[in-house]
Number of protein chains: 2
Amino acid sequence: MPQRPPADIGMPVSEIDTPALVIDLDALERNIAKLAEVSRRTGVRLRPHTKTHKSPIIALKQIEAGAIGQCCQKVGEAEVLVAGGVRDVLVSNQVVGDRKLARLAALAQSARVALCVDAPEHIEAAGRAAREYGVELGALVEIDVGTARCGVEPGEAAVKLAQQIAATPGLRFGGLQAYHGTAQHLATWDERKAAIELAVAKTKLTVDALAAVGLSCDIVGGAGTGTFQFESTSGVYNELQCGSYLFMDTDYARIGGKTSNRYDEFEHSLFVLATVMSVPTADRAICDAGLKAYTMEKGAPWVHGRDDLEVTGVSDEHGKVRTTGAKTPLKLGDKLWLIPGHCDPTINLHDWYVGVRKGRVEAVWPIAARGASQ
Amino acid sequence: MPQRPPADIGMPVSEIDTPALVIDLDALERNIAKLAEVSRRTGVRLRPHTKTHKSPIIALKQIEAGAIGQCCQKVGEAEVLVAGGVRDVLVSNQVVGDRKLARLAALAQSARVALCVDAPEHIEAAGRAAREYGVELGALVEIDVGTARCGVEPGEAAVKLAQQIAATPGLRFGGLQAYHGTAQHLATWDERKAAIELAVAKTKLTVDALAAVGLSCDIVGGAGTGTFQFESTSGVYNELQCGSYLFMDTDYARIGGKTSNRYDEFEHSLFVLATVMSVPTADRAICDAGLKAYTMEKGAPWVHGRDDLEVTGVSDEHGKVRTTGAKTPLKLGDKLWLIPGHCDPTINLHDWYVGVRKGRVEAVWPIAARGASQ
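Residue positions are given per chain, counted from 1 along the sequence in the order it is written. Lettering for chains starts from A, numbering for ligands starts from 1, and both go in the order in which the items are written. Only residues with pLDDT of at least 70 get local features here, since the model is predicted, and only at 80 or more are side-chain atom pairs given and counted; chain-wide, interface and lining totals rely on the full set of residues. To get the side-chain values, all heavy atoms of the structure are used, and hydrogens and water are removed first.

(A) View of the packing of aromatic side chains. Residues and elements named next belong to chain B. Two rings from Phe, Tyr or Trp (for Trp, the six-membered ring) form a pair when their centres sit within 6.5 Å of each other. Planes less than 30 degrees apart are called stacked, planes more than 60 degrees apart edge-to-face, and all others tilted. Counted under the stated rule, the structure contains 12 aromatic pairs over all chains. Between the aromatic rings of tyrosine 252 and tyrosine 263, the centroid separation amounts to 6.4 Å while the plane-to-plane angle is 35°, which identifies the pairing as tilted. Of this pair, tyrosine 252 sits in helix H10 (residues 250-253) while tyrosine 263 sits in the loop between H10 and strand S10 (270-281), and the two are 11 residues apart along the sequence. Neither residue differs from the other here; tyrosine 252 and tyrosine 263 are each classed as buried. Each helix is a run of H or I in the DSSP string that is no shorter than four residues. Each strand is a run of E no shorter than two, and both are numbered from the N terminus. Under the scheme applied here, a residue whose accessible area is under 20% of the maximum for its type counts as buried, over 50% as exposed, and between as partly exposed, the area being computed with a 1.4 Å probe on protein chains only.

(B) Structural detail: helix H1 (residues 25-42) of chain A. Residue and element names in this part refer to chain A. In this model, H1 (18 residues) spans 26 Å end to end at C-alpha, consistent with the 26 Å of a helix rising 1.5 Å per residue. Of all the positions in H1, only Leu25, Ala27, Leu28, Asn31, Ile32, Leu35, Ala36, Val38 and Ser39 are classed as buried. Contacts were defined at the residue level, with two residues in contact if any of their heavy atoms lie within 4.5 Å. On its buried face, H1 is in contact with strand S1 (20-24), strand S2 (45-46), helix H3 (56-64), helix H9 (228-231), strand S16 (352-357) and strand S17 (360-366). In protein, a polar contact means a hydrogen-donor-capable atom and an acceptor-capable atom, both N or O and within 3.5 Å, with residues adjacent in sequence counting only if both atoms are side-chain atoms; elsewhere, any N or O pair within 3.5 Å suffices. Its side-chain oxygen placed 3.1 Å from the backbone nitrogen of aspartate 26, aspartate 24 serves as the N-cap of H1. Of the residues flanking the end of H1, it is glycine 43, one or two places downstream, whose phi is positive at about 75°. Here the expected length of a helix is defined as 1.5 Å per residue gap, with one fewer gap than residues.

(C) Molecular detail of the environment of histidine 342 of chain B. Looking at the element boundaries, histidine 342 of chain B is found in the loop between strand S15 (335-339) and helix H11 (343-347). The class of histidine 342 of chain B is buried, set by a relative accessible area of 11%. Between the alpha carbons of histidine 342 of chain B and lysine 358 of chain B there is a distance of 26 Å; along the sequence they are 16 residues apart. Residues in contact with histidine 342 of chain B, not counting those within four places in the same chain, are Leu291 and Asp316 of chain A together with Asp249, Thr295, Glu297 and Lys298 of chain B. Among the polar contacts listed, one links the side chain of histidine 342 of chain B to the side chain of glutamate 297 of chain B, at a separation of 2.6 Å.

(D) Representation of the relation of the copies chain A and chain B in the model. Copies overlap after least-squares fitting; the atoms used are the C-alpha atoms of residues with pLDDT of at least 70 in both. Once turned by 180° and shifted 0.0 Å along the axis, chain A lies on chain B with an RMSD of 0.0 Å. This pairing of chains is accounted for by a two-fold axis. Minimal C-alpha separation from the rotation axis in chain A is found for glutamate 297 of chain A, amounting to 2.6 Å. An overlap of 100% is found between the interface residues of chain A and their copies at the interface of chain B, pointing to a shared contact surface.

(E) Focus on the side chain of glutamine 94 of chain A. Following the sequence through the fold, glutamine 94 of chain A ends up in the loop between strand S4 (88-91) and helix H5 (98-107). Of the polar contacts made by the side chain of glutamine 94 of chain A, one reaches the side chain of glutamate 142 of chain A; its length is 3.0 Å. Excluding residues within four positions of it along the chain, glutamine 94 of chain A makes contact with Cys116, Val117, Asp118, His122, Glu142 and Cys150 of chain A together with Met277 of chain B.

(F) Region of the structure containing the interface of chain A and chain B. Tallying the contact residues gives 68 residues for chain A and 69 residues for chain B. Here's the idea: put two parts together, see how much 1.4 Å probe accessible area each one loses, and the total over both is what we call buried area. Summed over both partners, the interface of chain A with chain B comes to about 5700 Å²; 48% of that surface belongs to carbon and sulfur atoms. The salt bridge criterion pairs a side-chain nitrogen of Lys or Arg with a carboxyl oxygen of Asp or Glu, the two atoms within 4 Å. Our enumeration of links across chain A and chain B arrives at 14 salt bridges. The partner of aspartate 17 of chain A in a salt bridge is lysine 100 of chain B, and the shortest N-O contact between them spans 2.7 Å.

(G) The layout of surface pockets, seen in detail. Only protein atoms enter the calculation, which uses a 1 Å grid: trapped sets of points that fit a 1.4 Å probe without letting it out are cavities, open sets showing protein on both sides within 12 Å along at least five of seven lines are pockets, and any residue with an atom within 4 Å of a point is a lining residue. Grid points are joined across faces, edges and corners, and a volume is the space filled by probe spheres set on the points. Here the largest pocket is characterised by a volume of approximately 800 Å³. Ser315 and Asp316 of chain A together with Arg149, Tyr179 and Gly181 of chain B are the residues nearest the centre of the largest pocket, which is lined by 45 residues in total. Contributing elements (two or more residues each) for the lining of the largest pocket: strand S13 (310-315) and strand S14 (318-322) of chain A together with helix H2 (50-53) and H10 of chain B. Basically, the charged four are Asp, Glu, Lys and Arg, the nonpolar ten are Ala, Val, Leu, Ile, Met, Phe, Trp, Tyr, Cys and Pro, and anything else, Gly included, counts as polar. Along the lines of polarity and charge, the residues of the lining of the largest pocket split into 11 nonpolar, 22 polar and 12 charged. By volume, the second largest pocket is sized at about 650 Å³. For the second largest pocket, the lining is made up of 35 residues, of which Arg149, Tyr179, Gly181 and His185 of chain A together with Ser315 of chain B are closest to its centre.

(H) Local environment of the domain arrangement of chain A. Residue and element names in this part refer to chain A. Per the domain assignment, the segments of chain A are domain 1 (13-21 + 269-366) and domain 2 (25-253). All the domain ranges listed were derived from an automatic or database domain assignment. Once you take the C-alpha centre of each, domain 1 and domain 2 turn out to be 33 Å apart. Contacts between the two partners involve 20 residues from domain 1 and, on the opposite side, 22 residues from domain 2. Buried surface at the junction of domain 1 and domain 2, summed over both partners, amounts to about 1800 Å²; 59% is from carbon and sulfur atoms. Its largest share of buried area at the contact with domain 2, domain 1 owes to Ser269, Arg357 and Trp365, together 34% of the area lost on that side. Between domain 1 and domain 2 we count four salt bridges in total. One salt bridge in this structure joins lysine 298 and aspartate 251, with 3.9 Å as the shortest N-O distance. At the surface where domain 1 touches domain 2, the tally comes to 11 residue pairs in polar contact (both at pLDDT 80 or more).

(I) Main features of the pairing of S17 of chain A. All names here are of chain A. In short, DSSP must find at least two bridges between two strands for them to pair. Of the strand pairs in this sheet, S16 and S17 are connected by six bridges, and their pairing is antiparallel. Residue tyrosine 353 lies in a different strand from S17, and its bridge partner there is tryptophan 365. Connecting S16 to the antiparallel partner S17 that follows it, the hairpin turn spans two residues, and lysine 358 within it adopts a positive phi of roughly 50°.

(J) Geometry of the UniProt feature "domain: D-serine dehydratase-like" (unreviewed entry) in chain A. UniProt positions are given in the numbering used here, feature names are shortened, and annotations may be inferred rather than shown by experiment. As annotated by UniProt and renumbered to match this structure, "domain: D-serine dehydratase-like" (unreviewed entry) occupies residues 269-357 of chain A. Secondary structure content for residues 269-357 of chain A is 6% helix and 45% strand, and the end C-alpha separation is 11 Å.

(K) Quick peek at the pattern of salt bridges. Tallied over the entire structure, the rule returns 60 salt bridges over all chains. Measuring nitrogen to oxygen at the nearest pair gives 3.3 Å for the salt bridge that ties glutamate 197 of chain A to lysine 193 of chain A. Linking glutamate 197 of chain A with lysine 193 of chain A, this pair stays in helix H8 (residues 189-212), spanning four residues, or about one helical turn. Residues joined in a network through salt bridges with shared partners are Arg4, Asp17 and Asp288 of chain A together with Glu79, Lys100 and Arg103 of chain B.

(L) Structural view of the environment of leucine 309 of chain B. Residue and element names in this part refer to chain B. Structurally, leucine 309 is set in the loop between strand S12 (302-303) and strand S13 (310-315). A C-alpha to C-alpha distance of 8.9 Å links leucine 309 and lysine 327, two positions 18 residues apart in sequence. Setting aside its immediate chain neighbours within four residues, leucine 309 contacts Val303, Val321, Arg322, Thr323, Ala326, Leu330 and Leu336.

(M) Local environment of the packing of helix H6 (residues 120-133) of chain A against helix H7 (residues 156-166) of chain A. All names here are of chain A. In this analysis an axis means a line fitted to C-alpha atoms, helices contributing only their contacting stretch, and an angle means the value between N-to-C directions, from 0 to 180 degrees. Close contact between H6 and H7 brings their axes to 10 Å; oriented N to C, the two are set at 15°. Considering the angle they form, H6 stands roughly parallel to H7. Two packed elements cross with a definite hand, and for H6 against H7 that hand is right-handed. Counting all contacts with H6, which are made through Pro120, Ile123 and Glu124, the residues of H7 involved are Leu161, Gln164 and Ile165. Tallied by class, residues from the contact of H6 with H7 come to four nonpolar, one polar and one charged. An angle below 35 degrees is treated as roughly parallel, one above 145 as roughly antiparallel, one from 65 to 115 as roughly perpendicular, and anything else as oblique. Here is the rule for handedness: rotate from the far helix to the near one, and if that takes an anticlockwise turn smaller than a right angle the crossing is left-handed, while a clockwise turn gives right-handed.

(N) Main features of the sheet that holds strand S9 (residues 239-240) of chain A. All names here are of chain A. Strand order in this open sheet of eight strands is S2-S9-S8-S7-S6-S5-S4-S3, and the pairing throughout is parallel. The open sheet terminates on both sides in strands that have one partner only, identified here as S2 and strand S3 (70-72). Pairing geometry for strand S8 (residues 219-222) and S9, over two bridges, is parallel. The residue of S9 that forms the bridge with glycine 222 is leucine 240. Packed onto the sheet, H8 meets strand S7 (171-177) and S8 and runs at close to 150° relative to S7.

(O) Region of interest: the sheet that holds strand S2 (residues 45-46) of chain B. Residue and element names in this part refer to chain B. With parallel pairing, eight strands are arranged side by side in an open sheet as S2-S9-S8-S7-S6-S5-S4-S3. Two strands in the sheet have a free side with no partner beyond their single neighbour: S2 and strand S3 (70-72). Sheet topology note: the strand S6 (residues 137-142)/strand S7 (residues 171-177) ladder contains six bridges and is parallel. Note on S7: the bridge partner recorded for leucine 137 is leucine 171. Across the sheet, helix H6 (residues 120-133) lies against strand S5 (112-117), S6 and S7, angled at about 140° from S7, the strand it touches most. Those strands touched by helix H8 (residues 189-212) are S7 and strand S8 (219-222), and its axis lies near 150° from that of S7.

Structure follows, in structure tokens:
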């Protein structure tokens, strides 16, 4: 069951119930504008990833700023996007199961829909679903450009699948999915640059091999928040799939930038607002946000604006904060603005975004695709 | 927005859409019965923790088996419990903020409701809320018996708060909250026994100090799935607050038992059912369940019944499975039964439990308090 919103529009920020997932709307808008400008400048299209924000409201803001549509990982996310007004959706992932493929084909009756494949069986099943619904589904071949997750090897294996797609009624060959996931968080700018140079080479080789058999790629897609500078100037990729740039998190902040050891291309705009609920000792305070308000696979959250505080322990509903040496001691009811370790799965824990500006609640948006993992 | 259920009642298990959170109902019922029997045998009451299951349906099953009510961590969970028919609820946590306290007091009009305190301000605020709603709230003093999270020191500090509660109109002194969280996952039986012996001593000291000033403890509560054997035979604790015993997870399975190096007091009854969506190489398969289907703060899930497979990498919507040496190779569409690392926050990702028995779906239960973190 969806939970009640933790705030009402017009409320002062101090009255937001906690834990709450709060967006600094000014920072969000600057992040959206900054990547849109990269897209305009380079001529590489922007197709941001819904797996981060899970909200058609935010998708439409990205599209208003110049994005050409969205990508997402799951059929359930695609359904929420199309229902929310997005008309060009790429499921940047394999879809297995007739029930899911039927849902996707049904969706293609009201939007341009594509998916990814990396095996002949994917193509056969997607073609069957498309023909049954009388629609056309785009199918991109996913190639493994370094992540060793899904995807066939670049080159010949991809060409073979592309030819199968082109020969399958109901499908259109949509191009290549060439996302390098593990490159996104490599520690330094130079490491990321080197990883993407390799990915670009593998992708170019595949694009050329496809051209040699008369197949052209509508989409050559990839790039994330950590590497888009390289794909966007590669001359090979023509779509960027960044997601986290909207919000940032500590996992991205910790990687090196071009000239600094913090990655500061984008601003932190996403916070888990928490309340101090216990101050049992002079060196410890406990807040009301734990594992059910942010995820921990990338470490504990940072306390925004309070370098003198450290989250040292997290349990289901508690965050333990070390206050030794704190400039101002924490007291019951104090608010903490926590920057999550990993924005995507943290957002997936919440039903509502609370958008704030100038100290007031300006927006309360449902996270409509939260939990849409099927 | 809640997601559609991934299964219908009567369906064969093979048709459940994935990822799905699946309960082996036979195993669940055996786990419920086993701890209820401990409670009957020892005469120590059982008040299981809703923060694990988040479902009044399961709470009522525990109560039918002999539990006297529930505890929970959040006001939102208490609301779901009372609406679902539970009439005795302890929020085993501090509650800060007038809005939350008003909700709790309103709830006390239709159920016996208590909360925990560890500061004079908690008592003042809870008393005000109770009087405003014309109800009585139970208030337990939380003591720190070793976890170094919330709670005052055992002994004198607790007595002082108990006396303040007793003198506060609208509140009744409800006893002690003496849960030792960090003891639950200590690696060996003997370490856990030693930790709880210390906790018992600190709790007894406090119970005696309260008795000396004429205050008796209705509830002396604590214990989790990892240590209930010790609290239940302590002669000091009179309520057990176990939660994970319903389901188990790898984090509990990894601790040592009394006579084995696996903790097998209870059975694994909870699984994230996943589908193989890509088999890009001979040594690797990818399933459709990642960080949005289970949490990773306690490590990757185990593949139930397949010791020959290992989950080696997890991203938002992918689980990477090493198939080197697999007895049977994985193919597209194969199902994997994943045992999550940590049951409570994993459950909090899903909207529905799918209960199965003898190969069929027998129950589809909403996880009604999912996301109820306020």
